[in-house]
Amino acid sequence: QVQVVESGGGLVQPGGSLRLSCAASGSIFSINAMGWYRQAPGKQRELVARITSGGSTNYADSVKGRFTISGDNAKNTVYLQMNSLKPEDTAVYYCAASVRGYTLRVDDYWGQGTQVTVSS
């Protein structure tokens, strides 16, 4: 059993910042990658940022230069630092982890989501 839990969402003014955290726990042998996705009502879920255990990152064009993803392998934790937030960033943000269990099977796990609202 693997659990993925996000935290750090909330209401912030345009131009403000938020830092999201995501921790994976449970029966984990290793984590291949973790990422942040977001979904606004009526729209498809989209990749925001992703980081591998080796530190390789990629970002959606819409957030590049404003958001930074980082990770702590020892803690199975990933962070998303969001700066210069815009109303268009308003969405439910989900964390996902690609986890290798002790059977060496790889599965993806998703958190419950955390609401980010950017509004004055």
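Not measured: the values here are computed from a predicted model.

## Topic: the state of the cysteines
Applying the stated criterion across every chain, the model contains one disulfide. The disulfide partner of Cys-22 is Cys-95, and the gap between their sulfur atoms is 2.0 Å. Where Cys-22 bonds to Cys-95 through sulfur, the torsion about that S-S bond is close to -85°, and the disulfide is left-handed. In this pair, Cys-22 is assigned in strand β3 (residues 18-26) and Cys-95 in strand β9 (residues 91-100), connecting sequence segments 73 residues apart. Pair check on accessibility: Cys-22 and Cys-95 agree, each one buried.

## A look at the packing of aromatic side chains
Per the stated rule, a full pass over the model turns up two aromatic pairs. Pairing Phe-29 with Tyr-102 gives two aromatic rings, centres 5.8 Å apart and planes at 80°, and the pair type is edge-to-face. Linking Phe-29 in the loop between β3 and β4 (30-39) with Tyr-102 in the loop between β9 and β10 (106-110), this pair joins segments that are 73 residues apart in sequence. Taking relative accessible area as the criterion, Phe-29 reaches 48% and is therefore assigned partly exposed. Judged by relative accessible area, Tyr-102 falls into the exposed class, the value being 58%. On the numbers, 4.9 Å between centres and 55° between planes, the contact of Tyr-37 with Trp-110 is tilted. Here Trp-110 lies in strand β10 and Tyr-37 lies in strand β4, a separation of 73 residues in the sequence. Given a relative accessible area of 21%, Tyr-37 falls into the partly exposed group.

## Brief notes about the sheet that holds strand β8 (residues 77-82)
In space, the four strands of this open sheet follow the order β1-β3-β8-β7, with antiparallel pairing throughout. The two strands at the open ends of the sheet, each matched to only one other strand, are β1 (2-7) and β7 (67-72). With direction set aside, neighbouring strand axes in the sheet form an average angle of 15°. One ladder, built from six bridges, connects β3 with β8; its direction is antiparallel. Within the sheet, the bridge partner assigned to Leu-20 lies in β8 and is Leu-80.

## Observations regarding the pattern of salt bridges
Taken as a whole and assessed by the stated rule, the structure comprises four salt bridges. Among the salt bridges present, the one from Asp-89 reaches Arg-66, with a minimum N-O distance of 2.8 Å. With Asp-89 in the loop between β8 and β9 and Arg-66 in the loop between β6 (57-59) and β7, this residue pair connects regions lying 23 residues apart in the sequence. Like Arg-66, Asp-89 is buried. Connected through shared salt-bridge partners, Arg-38, Glu-46, Arg-66 and Asp-89 make up one network.

The rules we used
- Residues numbered from 1 in each chain as written.
- Predicted model: local features only at pLDDT ≥ 70, side-chain atom pairs only at ≥ 80, totals over all residues.
- Heavy atoms only, no water.
- Disulfide = S-S within 2.5 Å.
- Helix = DSSP H or I, 4+ residues; strand = E, 2+ residues; numbered from the N terminus.
- Buried < 20%, exposed > 50% of the residue type's maximum accessible area, 1.4 Å probe, protein only.
- Phe/Tyr/Trp six-rings, centres within 6.5 Å; stacked < 30°, edge-to-face > 60°.
- Pairing = 2+ DSSP bridges.
- Axes fitted to C-alpha atoms, helices over the stretch in contact; angles between N-to-C directions.
- Salt bridge = Lys/Arg side-chain N within 4 Å of Asp/Glu carboxyl O.

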